[in-house]
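Structural features, examined
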Amino acid sequence: YKSIVIQDQNYIEQLIKYVHLNPVRAKMCTLSRLKTYKWTGHSVLLKNRSYSCQTVKDVLNKFGKKRSEQIKNYEAYILYESDIDENLLGYLRRSNFEVENMHSTSGWVIGNPEFIRNAMKKADEERIRIAEYKKQGLTVSDIVTDVCTALEIRETDLLRKGRDNNRSIGRKILSYIACTKYYIPVKTVASFLKIHPSAVSRMIVQGENLANENGMA
């Protein structure tokens, strides 16, 4: 698995095309078989198969408004549109072989010099914060204490299952703060709350607004 920070939104569709044509490029299947090939998300986007771990909304929304229109336009783009930009291909090929680190950016960030400098600065700041949190021995329990104090609920209540408003808000804020502010892994938070990691991922998104509303961002 590799995550790449990319500047230009115009490259997003081309990245989608690049990823889903990988099996064809590698001669693992033909273009005509791609729509049923199970080792790619392409078949899921066409609604020929389903994976519980794959969401299609963010990709298909770039190809129209109605789902039937989105699927039709997406398939046409994958099969018939022009080739992928050569500059992007060059970046991606270097990314496949270079190690992600602070000295070699082409392995993890694509953009103009200013964008790359800002990405490196942010990455350096995050590394410093993570090192400090580790030095302090910060745990999920420490964040739970702060969240419960702010919301005036008991820590034991936060771990109880149910849809009580304050408990639900607390878990969402906890997930957001722990994962995005302190870089605690999603799996660690999920294990603490005794829920599936995918549930924590959803709560992170919801928790941002709730954290802002409660003055905890």
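1. Quick notes on the overall build of the protein chain
Helix and strand counts for the protein chain stand at 12 helices and 2 strands. Order of helices (α) and strands (β) in the protein chain, N terminus to C terminus: β-α-α-α-α-α-α-β-α-α-α-α-α-α. Contacts in the protein chain between residues far apart in sequence, at least 24 positions, make up 49% of those at least 6 positions apart. Carbon and sulfur atoms provide 51% of the accessible area of the protein chain, an area that totals close to 14100 Å².

2. Here we look at the nonpolar core
If you look at the biggest cluster of nonpolar residues, it comprises 26 residues, and the most contacted ones within it are Ile 6, Tyr 74 and Leu 88. Elements that contribute at least two residues to this core include exactly α1 (12–20), α3 (42–45), α4 (57–60), α5 (67–80) and α6 (86–97). When neighbours within four sequence positions are excluded, Leu 88 is seen to be in contact with Ile 6, Tyr 11, Gln 14, Leu 15 and Ile 110. Counting 25 residues, the second-largest nonpolar core is a separate cluster that includes Val 144, Ile 173, Ala 190 and Ile 204.

3. Details of the environment of Tyr 182
Position of Tyr 182 among the secondary structure elements: in the loop between α10 (165–181) and α11 (186–193). On a C-alpha basis, the gap between Tyr 182 and Ile 130 in space is 6.8 Å, while along the polypeptide they are 52 residues apart.

4. Looking at the pattern of salt bridges
Overall, the coordinates contain 1 salt bridge when judged by the stated rule. With a closest N to O distance of 3.6 Å, Glu 75 and Lys 35 form a salt bridge. With Glu 75 in helix α5 and Lys 35 in the loop between α2 (22–25) and α3, this pair connects stretches of sequence that are 40 residues apart. You can call Glu 75 partly exposed: its relative accessible area is 21%. On the basis of relative accessible area, Lys 35 is assigned to the partly exposed category, the value being 36%.

So, how was this worked out
All residue numbers refer to positions counted from 1 along the written sequence of the respective chain. Reporting in this predicted model follows two pLDDT cut-offs: at least 70 for local features of residues, and 80 or more for side-chain atom pairs to be given and counted; totals over whole chains, interfaces and linings ignore these cut-offs and use all residues. Hydrogens and water molecules were not included; the side-chain quantities draw on all heavy atoms of the structure. Per the convention used, a helix needs a DSSP run of H or I reaching at least four residues, while a strand needs a run of E reaching at least two, with both numbered from the N terminus. Here, residues are in contact when the closest pair of their heavy atoms is within 4.5 Å. Surface accessibility follows the Shrake-Rupley procedure with a 1.4 Å probe radius. Residue values consider only the protein chains on display as shielding. Buried Ala, Val, Leu, Ile, Met, Phe, Trp, Tyr and Cys residues that are joined via side-chain atoms within 4.5 Å together make up what is termed a nonpolar core. Partly exposed residues are those whose accessible area sits between 20% and 50% of the maximum for their type, while under 20% is buried and over 50% is exposed, using a 1.4 Å probe and protein chains only. Any carboxyl oxygen of Asp or Glu that lies within 4 Å of a side-chain nitrogen of Lys or Arg is treated as forming a salt bridge with it.

Geometric descriptors of this kind do not, in isolation, establish any biological role.
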